[in-house]
Amino acid sequence: MDIAELGHTLQRDAVAVVFVNVLLQQVGLPVPAVPTLLLAGSLAALPGQLGKVLAAAVLASVLADLLWYALGRRFGYRVLAGLCRLSINPASCVSQTEARFIHWGLSSLVVAKFVPGFSTVAPPIAGALRMSLGGFMAAAAAGAALWAGLALGAGWVLRDTVQASILTLDRHAGRAALVAVVLVGAWLGWKLWQKHRFRQAGELPHITPAELLDALATEPRPLVLDLRSATLIAEAGPIPGATVAEHDALHQAVGDWPRHAPIVTLCACPEDAGAIQAARQLLEQGYTSVRPLRGGYEAWLAATDDRR
């Protein structure tokens, strides 16, 4: 469907189109909703029509958020880990996002729609952390109203500019499509380059779970930094002898640990992303013996079960 066809469809049934578009986008599909909201706002003849479209956008967004909230409440960390694996850049680990969510609380849901990626991760985190349903729905609705309202309002205020832009794009549809393809290709290439750089950065010595178990049975024992999310620690329990750590406060977890003494970083992230990031950060701070645990928490569990 081209821009002109979308405009005609919005004129006929803006409420349904906006509802479906926002629902698909908030569920996690790569379907942009802001352009549709801008166009719908510019085509609204009366403020009352704008209100109906806004209500449809808020309802669709809240329904999608409720779905993710329910999945997070039911499956907990597994949903978050799955979302983390879907990321092109594995360094954007859920545990870091969750730490920020816990710091900001429910108010983070109000601004989540404006932060790429966070709008999908925040609702399952809220569910996994057993946040109240009433508070969650209120914050999610407020955030959706702010996000959709700004887009619709901008389309209404700038309707002449939006309509002129639509006509220009319609006349030069081929060039616009080419520019869009180039921009998407450039963005994808940048993300793949980030992933390549991350994998290069991850080429540091690791420690296997078996080696770590042997090291913990002797003196001096290494300092084990547990970088798992608070959700997983609450569900699965702490690792005996490990120190719970956050990426933004590694110095607090390390404390006065000698810089030459061994440190092991452990996470539950795809490709050990969080553990590698923490290890690199500590190495840059002058700690000389830091190794991430290969395979992360799942490998640790398997190794401890084998030793029993």
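Just above sits the structure.
Report on the accompanying structure. For every chain, the first residue of its written sequence is number 1, and the numbers climb from 1 along that sequence. Side-chain atom pairs in this predicted model are given and counted only at pLDDT of 80 or more, local residue features only at pLDDT of at least 70, and totals for whole chains, interfaces and linings cover all residues. Side-chain measures were taken over the full set of non-hydrogen atoms in the model, leaving aside hydrogen atoms and water.

All right, on to the pairing of strand S1 (residues 223-226) then. Only protein chains enter the accessibility calculation, which uses a 1.4 Å probe. A residue is then buried if its area is under 20% of the maximum for its type, exposed if over 50%, and partly exposed in between. Per the convention used, a helix needs a DSSP run of H or I reaching at least four residues, while a strand needs a run of E reaching at least two, with both numbered from the N terminus. Where burial is concerned, the two faces of S1 agree: the one with Leu223 and Leu225 and the one with Val224 and Asp226 are both buried. At least two DSSP bridges between two strands are required for those strands to pair. Pairing analysis gives four bridges linking S1 to strand S3 (residues 263-266), with the strands arranged parallel. When the sheet's bridge partners are listed, valine 224 is paired in S3 with valine 264. Here S1 pairs with strand S2 (residues 243-244) via two bridges, running parallel. Note that in S2 the partner of leucine 225 across the bridge is threonine 243.

Remember that side chains alternate between the two faces of the sheet whenever the strand is regular. Neither face of S3 is exposed, since Ile263 and Thr265 on one face and Val264 and Leu266 on the opposite face are all buried. Pairing of S3 with strand S4 (residues 290-292) involves three bridges; the strand directions are parallel. Paired with isoleucine 263 across the two strands is valine 290, which belongs to S4.

Once that is clear, we can look at the side chain of threonine 36. Within the secondary structure, threonine 36 sits in helix H2 (residues 34-43). Residue threonine 36 is classed as buried on the basis of its relative accessible area, which comes to 5%. Pairing of N or O atoms within 3.5 Å defines a polar contact, subject to two protein rules: one partner must be a possible hydrogen donor and the other a possible acceptor, and residues neighboring in sequence count only if both atoms are side-chain atoms. Of note is the side chain of threonine 36, whose polar atom sits 2.4 Å from the side chain of asparagine 21.

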